[in-house]
Amino acid sequence: MARTFWVGGNWKMNGSVAAIKDLTAQFNAGSVPSDVEVVIGAPYVYVPLLADSLRKDWAVAGENCYVKASGAFTGEISPEMLKDVGAKWVILGHSERRSILKESDEFIAEKVVKAIEAGLKVALCVGELLEEREAGVTQAVVNRQLDAVVKAVKEEDWANIVIAYEPVWAIGTGKVATPDQAQEVHAAIREYLKSAVSAKVAEETRIAYGGSVNAKNCKDAAQKPDVDGFLVGGASLKPEFLDIVNATN
Ligand code: PEP
């Protein structure tokens, strides 16, 4: 089965009403292949504006959510609320939430379950720190992060998950993983899924690469057999993002 190429943008804590109107006008005018799935993640408060302004062949994501539908959880946002204001996706397990907000593998896995139950699709981020790569434990770290999700979700739920392999040392640093480094980890993730879940899930789950992807470096990585797309931070705030959407052209 051919996997549909997937490109996600992660705006992080960036944006303003004016900037979003300007950027979406440029995205909406861009020419993009019809066989690439595109998703843009925005801060909660801008999700409705983005959902209104963005071209309808692209989808909107929240960048996080909580594990309850509603209630006394001051400051939290439920997956149901994200869906209510127009999001179709949510980014979960981003390294900034794992490291700065101290989110555990198990908490992230619980969010994945609740988001899917609420009808959202999930971009699930995993990836190792520089010292973990240097210590040769990249795969062990990624497998540990995935283990929690494998334990929590049903096999059929994997159809609603895109894995974003994002080595932490490559995020926002300009230090992109080489296409071979990305391919090596993606292939190992696919092997892991085969043994931990099923051959079908291993074959069908999209594995995107994230970490300093830009218009210049995306084309070579897109050629790798297990690189099924990208999760893009900085460059998704610029018209350059359109070139990344066109990486397979
Ligand atoms: C990210 O935030 O998910 C990311 C990959 O950022 P950048 O592309 O800026 O490295």
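Predicted model only: the values in this text are computed from it and were never measured.

Peer 1: What's the story with the overall build of the chain in this structure? I'm lost.
Peer 2: Helix and strand counts for the chain come out as 11 helices and eight strands. Computed over C-alpha atoms, the radius of gyration of the chain comes to 17 Å, within 12% of the 18 Å expected from 2.2 N^0.38 for 249 residues, which places it in the range of a compact globule. For the chain, the spread of C-alpha atoms along the principal axes amounts to about 45 × 45 × 35 Å. For the chain, the proportion of its 249 residues judged to be buried stands at 41%.

Peer 1: Looking at this structure, I do not really get helix H7 (residues 138-152). What am I missing?
Peer 2: Each turn of an α-helix holds 3.6 residues, which means side chains three or four residues apart point in the same direction. Spanning 15 residues, H7 covers 22 Å between terminal C-alpha atoms, matching the ideal 21 Å at 1.5 Å per step. The complete set of buried residues in H7 reads Thr138, Val142, Gln145, Leu146 and Val149. If you follow the buried residues of H7, they end up packed against helix H5 (105-117), strand E5 (121-126), helix H6 (130-134), strand E6 (161-165) and helix H8 (179-196).

Peer 1: Hey, could you run me through the pairing of strand E2 (residues 36-41) in this one?
Peer 2: Both faces of the sheet carry side chains from a regular strand, because those side chains alternate between them. Both strand E1 (residues 5-10) and E2 contribute to a ladder of six bridges, which runs parallel. What sits directly across from Val7, in E2, is Val38. Read as a crossover between parallel neighbours, the route from E1 over helix H1 (residues 17-29) to E2 is right-handed. Pairing of E2 with strand E3 (residues 58-62) involves four bridges; the strand directions are parallel. Its bridge partner lying in E3, Val38 is registered against Trp58.

Peer 1: I would appreciate a short explanation of the nonpolar core in the present structure.
Peer 2: Burial of nonpolar side chains together is a common tendency in soluble globular proteins. Val90, Val112, Val122, Ala123 and Leu124 are the most contacted members of the largest nonpolar core, which totals 72 residues. The residues touching Ala123, leaving out its near neighbours within four places in the chain, are Gly8, Val39, Ala61, Trp89, Ile91, Val162, Ala164 and Leu231.

Peer 1: Explain the sheet that holds E3 here, please?
Peer 2: For sheets, the rule is that strands pair by backbone hydrogen bonds, running either parallel or antiparallel. In space, the eight strands of this closed barrel follow the order E1-E2-E3-E4-E5-E6-E7-E8, with parallel pairing throughout. With direction set aside, neighbouring strand axes in the sheet form an average angle of 25°. Both E3 and strand E4 (residues 89-92) contribute to a ladder of two bridges, which runs parallel. The residue bridging Gly62 from the neighbouring strand is Val90, located in E4.

Conventions adopted
- Residues numbered from 1 in each chain as written.
- Predicted model: local features only at pLDDT ≥ 70, side-chain atom pairs only at ≥ 80, totals over all residues.
- Helix = DSSP H or I, 4+ residues; strand = E, 2+ residues; numbered from the N terminus.
- Rg over C-alpha atoms; globule rule 2.2 N^0.38 Å.
- Buried ≥ 20, exposed ≤ 12 C-beta atoms within 10 Å, placed from the backbone.
- Expected span 1.5 Å × (residues − 1).
- Contact = placed C-beta atoms within 7 Å.
- Pairing = 2+ DSSP bridges.
- Right-handed = clockwise from strand over helix to strand, strands pointing away.
- Core = buried A, V, L, I, M, F, W, Y, C linked by C-beta atoms within 7 Å.
- Axes fitted to C-alpha atoms, helices over the stretch in contact; angles between N-to-C directions.

Note that every value here comes from positions in space, so none of it alone points to a role or purpose.
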